[in-house]
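# Coordinates in review
One-letter residues, chain by chain:
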Amino acid sequence: MDAAEYDLPVFHRGGFHRRTCRSCGSAFWSLGDHAVCQEAPCRDYGFLGHPIIPRPYAPDEVRETFLSFFEHRGHTRIRRYPTIARWRNDVFFVQASVYDFQPWVTSGAIPPPANPLTISQPCLRFNDLGEIPEKGRYFTQFEMMAHHAFNRPGHEVYFKDRCTELCHELLTSTFEVDPTAITYKEEVWEGGGNLGPSLSVGALGLELATLVFMEYVRDGDGMKPMPLTVVDTGYGLERFTWASRGTRTAYEAVFGAAFDELRRTFSPADTAVLLDHARSLNFMLTDGIVPSNSKAGYFARLVLRRSLRILAKSPEAPELVAILDRVARDQATAFPEIGEHRDDLHRVVEAEIERFGESIERARQAIRRHEERVSAAGARVTEDDLLTWYDSLGVPPDVAVEELKHPPPIPADFYTQVAARHEGEAPATDYAESTEGLPEVPDSVPPTEVLYYLDPYTVAFEAHVVFAKGPFVVLDRTYFYPTGGGQVTDRGHLNDLEVVDVERRGAWVLHRLERDAPWSAGERVHGRIDAPRRTQLMQHHTATHLLNGALREIVGPHVWQAGAYKGPESARIDITHYRPLSKQELHRVERRVNQIVREDRPVKSYFEARSEAERRFGFTLYQGGAVPGKELRVVEVEGFDVEACGGTHCTHTSEVGAIALLGTDRIQDGVVRLTFASGERALDLREEHEEILSDAARRLGVPVEKLPDGIDRLLGEIEENRRSARERLREDLGATAQRLLAENSETVGTVSVVAATVALDRAGLMELSRLLTRGADRVAILASEHEGRGTLFVGSTATRVPANALVEAARPAFGGKGGGNPAAATAVGEPGAPLTAALEAARSAARERSAV
RNA sequence: GGGCACGUAGAUCAGCGGAAGAUCGCUGCUUUCGCAAAGCAGAGGUCGGGGGUUCAAAUCCCCCCGUGUCCA
């Protein structure tokens, strides 16, 4: 990055000078006389005991001071975004304030909620998990205070100079930091294909803030200017608090009294981890994460289980939920939502604790069994076993060792070895929305006016073609609903041509026809939507919202929509929940939604400013992972459920008709799927089910209500038949056995040998042999022609006459393949092989061995 | 989303190419006034599902499904 990028008027006005850090080699600007930049590791922490900010601040004070500073300088204060980044598919959590505005605001696709704005955004970051608490300053949950400006061509808000000026004023006049202590280090920021200069703000060894100026797009090896430039700042709330107190670690400064309380039971390090993890968990659980074994839920499980292991160290340890509540008290001043729904949150946590206990118990048993088995074989448990157990049973090595009589040493680099095992695994792939096969639409084509938002009932309309290529047509206006929000697309006709697909692409709605469009731009066409299909889709979509509302009400507010699909035949909603739904819960939900349907509540769909909608309804609006634009489309079922949603909806709940729950599955740890139907389809399916039932009853010859009895009777008969068939076979074989013992038996020495040719399958041969060799010193040699292939079967209870040896001896006689053990052996020959010769060979081998 | 482990009797699991097992539970009998307990006998398995290799598959290979766990 060119040095001119950092040569800001604010530095010259203030009398800053530019130096090169003797330690890291980076250039920095300062009013003081420093040989190195004022950040670790270039210099030590100089503020421990000598705070950078001369008076102590509480975290809440730091936040309020920061936000009101920027509010008084023309910024709009914005409420926090959820910590779960539902609007993005490349990350799970918000890790910086700018995540709130990526990708749509930063790309210029939609306007920011305010400009300029200021926010204090709670973030979650788990990459430094291992660094807690060693370095004394990492948190899994932290707040990034920020001021952001988004500059469009012709609408410049502010950029590098003003941004740095504001930062310096905040630090020196409001927080009273010694101006000469501060250094602004020149850095390059790059991320998400964008890059730009940045300034890292440090004092007395502590990095307090970063000022990032996104102004270029990566273009091959070079870069080109972005049409929209972004001021992206980040001020660490925890860092400021620490800087104002100069305590040994940031944790003591940030957690305050809660730290001192827990410190009585735990080491400083364990105390820090417990409090940090409690803060993370409170945010994750409040924002709708259910602990699970994959995706975002895994991080909740990870920090929860780490906390439990620490708690297990002390008999005086409080319950985990008590710690969560204690931390929530401090958090709730700024974020009251953290304090809501404590009971439900406790249930989620308790369920997870129970599962962890079961899982550990299962693992302990498996470990003990494994050791018994290997020691019986004269071996010992290995280091490798420890690795496998950690990976597959979730047992940390120290826990495993407790269970072992002869434990192997725990390798010092255990977790490095774990990581090595996971190397070369395919990384998580985030799918990009596929626009493959869709044509490029020139920018000159006017955006499509979408009418289905305003009026979901109109199914016939006139419009003009504005673009056509192959089977794709863009109209100036359309009522056709494109794929989105889990609702499948409308079907219908444009003039006489069938519309087979509808997709949104940028500002346009593309209609895909059954064949190439015969029209050119400017032509007028008549659109007709398949009305029954649309009606059914609307009913399913509104029913989804009703179910979501009922589930949150009945199952608990930890329920969030984790996905949905609304097809013409049936629909489904996936929800976050920690165990399968019970029959009772399902019945209650079904009754509740149908009650809402009967109450005929109005369903209002309207656009509203994002901030206003959030203020009125809270974050539960974002059930579908909504786009954080300036305006939201709100779908409100009066007094029951409110969601941001772009779908087509009924205007009254009664239009949904009836809702029938069809089934439930656990599709993933922490996610439960409900399948349902509404409207006509609900009735159709009920009829189909009744038809199936009455058909089954007719076939069984019982009335429908006696069906279970009828089935029991039938199953009983089947069982009885099976039993008697088996008995008959046994009797037959028994008779055969007696006959053979009487007629085909000879005694050689102490061994009695039976040899005969029969016609039985493999199982029959086995059974007969068993009967013939009941008792000691018996040998049965059976030959059988079955399904064209000759089988020789030998069973033996005579130790001197191993069955496999006889088969071995007989095999050359008929070219059979086979083998076995001393008790039983078989060989099978090709069709036409001389089976009798084989039988004789086995018999004489038996005689020979018996006679010895 | 990927790696690893696991899926065998009602339950907990063993067996890991050659004739499906153990323990608990269940049923019956013996013993007891009765219960508990003990002894004896017995019932209960498409060895998660589907393909393949083999003379032979619970066992080896492939694909699904389910569960657990670790990692993104």
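Residues numbered from 1 in each chain as written. Chains lettered and ligands numbered in written order. Predicted model: local features only at pLDDT ≥ 70, side-chain atom pairs only at ≥ 80, totals over all residues. Heavy atoms only, no water.

## Things to note about the domain arrangement of chain A
Stated formally: Marked domain ranges trace back to an automatic or database domain assignment.
According to the domain assignment, chain A consists of domain 1 (49-154 + 161-193 + 204-247), domain 2 (256-340), domain 3 (355-423), domain 4 (449-529), domain 5 (535-688) and domain 6 (744-851). Placing a centre on the C-alpha atoms of domain 1 and another on those of domain 4 gives a separation of 44 Å.

## Regarding the pattern of salt bridges
Selection criterion: Salt bridge, as used here, is a side-chain nitrogen of Lys or Arg placed within 4 Å of a carboxyl oxygen of Asp or Glu. A run of H or I in DSSP counts as a helix once it spans at least four residues, and a run of E counts as a strand once it spans at least two, with each numbered from the N terminus. Relative accessibility thresholds used throughout: buried, under 20% of the residue-type maximum; exposed, over 50%; partly exposed, between the two (1.4 Å probe, protein chains only).
Counting across every chain of the model gives 53 salt bridges. In this structure, R305 and E352 form a salt bridge, with 3.3 Å as the shortest nitrogen-oxygen distance. Taken together, the positions of R305 in helix α8 (residues 295-311) and E352 in helix α10 (residues 342-376) put the pair 47 residues apart, joining distant regions of the chain. Taken individually, R305 and E352 each receive the classification buried, so the pair is uniform in this respect. The residue D490 makes a salt bridge to R534 at a minimum N-O spacing of 2.7 Å. You can see D490 sitting in the loop between β13 (477-478) and β14 (492-494) and its partner R534 sitting in helix α14 (residues 531-554), a full 44 residues away along the chain. Because the salt bridges share partners, they merge into one network encompassing R301, R305, E352, R355, R666 and D669.

## As for the sheet that holds strand β26 (residues 751-758)
Put simply, the test is: Note on pairing: two strands pair once DSSP finds at least 2 bridges between them. Axis lines are fitted through C-alpha atoms, for helices just across the contact stretch, and the angle between N-to-C directions can take any value from 0 to 180 degrees. When checking whether two residues touch, look at their non-hydrogen atoms; a contact exists if any pair is within 4.5 Å.
Pairing is mixed across the open sheet formed by six strands, whose spatial order is β25-β26-β27-β28-β30-β29. The open sheet has two edge strands with one neighbour each: β25 (745-748) and β29 (817-820). Recorded for the sheet is a direction-independent mean angle of 15° between the axes of neighbouring strands. On top of the sheet, helix α20 (residues 803-814) reaches β27 (778-786), β28 (789-796), β29 and β30 (824-829); it is set at about 10° to β30, its chief contact.

## Side note on the protein's contact with RNA strand B
Counted only if it meets this: Near residues are defined by distance, with any heavy atom within 4 Å of the molecule or strand qualifying the residue. We define a polar contact as two N or O atoms separated by no more than 3.5 Å, with the added condition that, inside protein, one atom must be a possible hydrogen donor and the other a possible acceptor, whereas residues neighbouring each other in sequence contribute only through side-chain atom pairs.
Around RNA strand B, the structure places 39 residues, and the nearest of them are K295, Y298, D391, R666 and K817. Close to the protein, within 4 Å, the atoms of RNA strand B belong to sugar or phosphate groups at a rate of 60%. Here a phosphate oxygen of RNA strand B and a side-chain polar atom of R301 are 2.9 Å apart. Between a sugar or linking oxygen of RNA strand B and a main-chain N or O atom of G394, the distance comes to 3.1 Å. Of all elements in the fold, only α8, α10, α11 (383-393), α19 (762-772), β29 and β30 reach the threshold of two or more residues within the surface near RNA strand B. The dominant element in the surface near RNA strand B, judged by the number of residues it contributes, is α10, at six residues.

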